[in-house]
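Close look at the chain arrangement
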Amino acid sequence: MSAYTLLVLLVAAERLLELVAARRGARWSFARGGTEHGAGHYPVMVLLHAGLLAGCLAEVHLAGRGFTPALGGTMLGLVLAAQVLRWWCVGTLGPRWNTRVIVVPGLPLVDRGPYRVLRHPNYLAVVVEGAALPLVHGAWLTALCFSLANAALLVVRLRCENAALAAAAPA
């Protein structure tokens, strides 16, 4: 097994841990009267993220993409930074964090941690990881395709999430 395959498998394992935290957060939110918004785009998001991982491996192995140390090392650093940012978001939101748009009415927006600087820092982590993970081993086509599809999805997701948060904000 190549080091890159191991990296992609580690990211996949991280995603599974993320889903465990997300389910816990969803249960917490629903137990407090949370309502889900934009459920229709969630399966697309799941497929897109699974496709990123599959595309990374497929492109590298089928197209024979090579490893370029300067690019690969830099991109690996960005992948690791994205993971740190993602888990900082998870830790900051605590039980409110999940992968769906579930809003508990009356709760104020979180304004600490990375949310002091950005309204949606987790999406920055997704954008960085989606470009950097494939480029660790030169899978530029996967990086490009994921980034374009993710940009379109984020337009929908951000509109949905911002509207849901605005509607649920305390008076």
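On a predicted model such as this, the values are computed, not experimentally measured, just so you know. (Residues numbered from 1 in each chain as written. Predicted model: local features only at pLDDT ≥ 70, side-chain atom pairs only at ≥ 80, totals over all residues. Heavy atoms only, no water.)

What to know about the overall build of the chain
Broken down by element type, the chain carries five helices and two strands. Whereas a compact globule of 171 residues would reach a radius of gyration of roughly 16 Å, the chain reaches 17 Å, a difference of no more than 12%. For the chain, the spread of C-alpha atoms along the three principal axes comes to 55 × 30 × 25 Å. Among the 171 residues that make up the chain, the fraction classed as buried is 43%. The long-range share in the chain, meaning contacts at least 24 apart out of those at least 6 apart in sequence, stands at 84%. (Helix = DSSP H or I, 4+ residues; strand = E, 2+ residues; numbered from the N terminus. Rg over C-alpha atoms; globule rule 2.2 N^0.38 Å. Buried < 20%, exposed > 50% of the residue type's maximum accessible area, 1.4 Å probe, protein only. Contact = heavy atoms within 4.5 Å.)

Thoughts on the packing of helix α2 (residues 42-62) against helix α5 (residues 140-168)
Two elements in contact, α2 and α5, have axes whose closest approach is 9 Å; the angle formed by their N-to-C orientations is 170°. In terms of orientation, α2 and α5 fall into the roughly antiparallel class. Contacts between α2 and α5 involve Tyr42, Val44, Met45, Leu48, His49, Leu52, Gly55, Cys56 and Glu59 from the first element and Trp140, Leu141, Thr142, Phe146, Ala149, Asn150, Leu153 and Arg157 from the second. (Axes fitted to C-alpha atoms, helices over the stretch in contact; angles between N-to-C directions. Parallel < 35°, antiparallel > 145°, perpendicular 65-115°, else oblique.)

A few points about a nonpolar patch on the surface
A cluster of nonpolar residues, Met1, Leu6, Leu9 and Leu10, forms a patch on the protein surface that exposes about 450 Å² of accessible area. You can see leucine 10 is positioned in helix α1 (residues 3-31). Take leucine 10: its relative accessible area is 52%, and that puts it in the exposed class. (Patch = residues over 30% accessible without salt bridge, like charges linked within 9 Å, V, L, I, M, F, W, Y side chains within 5 Å. Areas by Shrake-Rupley, 256 points an atom, 1.4 Å probe, with all protein chains shown as cover. Salt bridge = Lys/Arg side-chain N within 4 Å of Asp/Glu carboxyl O.)

Details of α5
The first and last C-alpha atoms of α5 sit 40 Å apart over 29 residues, in line with the 42 Å expected at 1.5 Å per residue. Turning to α5, its buried residues number three or more, namely Thr142, Ala143, Phe146, Asn150, Leu153, Leu154, Arg157, Cys160, Glu161, Ala164 and Ala168. Against β1 (35-37), α2, β2 (101-103) and α4 (121-135) lie the buried residues of α5. (Expected span 1.5 Å × (residues − 1).)

Considerations on the pattern of salt bridges
Throughout the structure, instances matching the rule amount to nine salt bridges. Two residues, glutamate 129 and arginine 86, come together in a salt bridge whose shortest N-O distance is 3.3 Å. Of this pair, glutamate 129 sits in helix α4 while arginine 86 sits in helix α3 (residues 69-93), and the two are 43 residues apart along the sequence. With respect to class, glutamate 129 is no different from arginine 86; both count as buried.

Let's talk about the packing of α1 against α2
Relative orientation of the contacting elements α1 and α2 amounts to 165°, with a least axis distance of 9 Å. Relative to α2, the element α1 lies roughly antiparallel. Judged by the twist between their axes, the crossing of α1 over α2 is left-handed. Here α1 contributes Tyr4, Thr5, Val8, Val11, Ala12, Arg15 and Leu19 to the contact with α2, which in turn contributes Tyr42, His49, Leu52, Leu53, Cys56, Leu57, Val60 and His61. (Left-handed = near helix turned anticlockwise from the far one by under 90°.)

Some thoughts on the packing of aromatic side chains
Tallied over the entire structure, the rule returns zero aromatic pairs. Directly above the ring of tyrosine 42 sits arginine 100, whose terminal nitrogen or CZ lies 3.9 Å from the centroid. (Phe/Tyr/Trp six-rings, centres within 6.5 Å; stacked < 30°, edge-to-face > 60°. Lys NZ or Arg CZ within 6 Å of the ring centre and 35° of its normal.)

These figures come from the coordinates and say nothing about function on their own.
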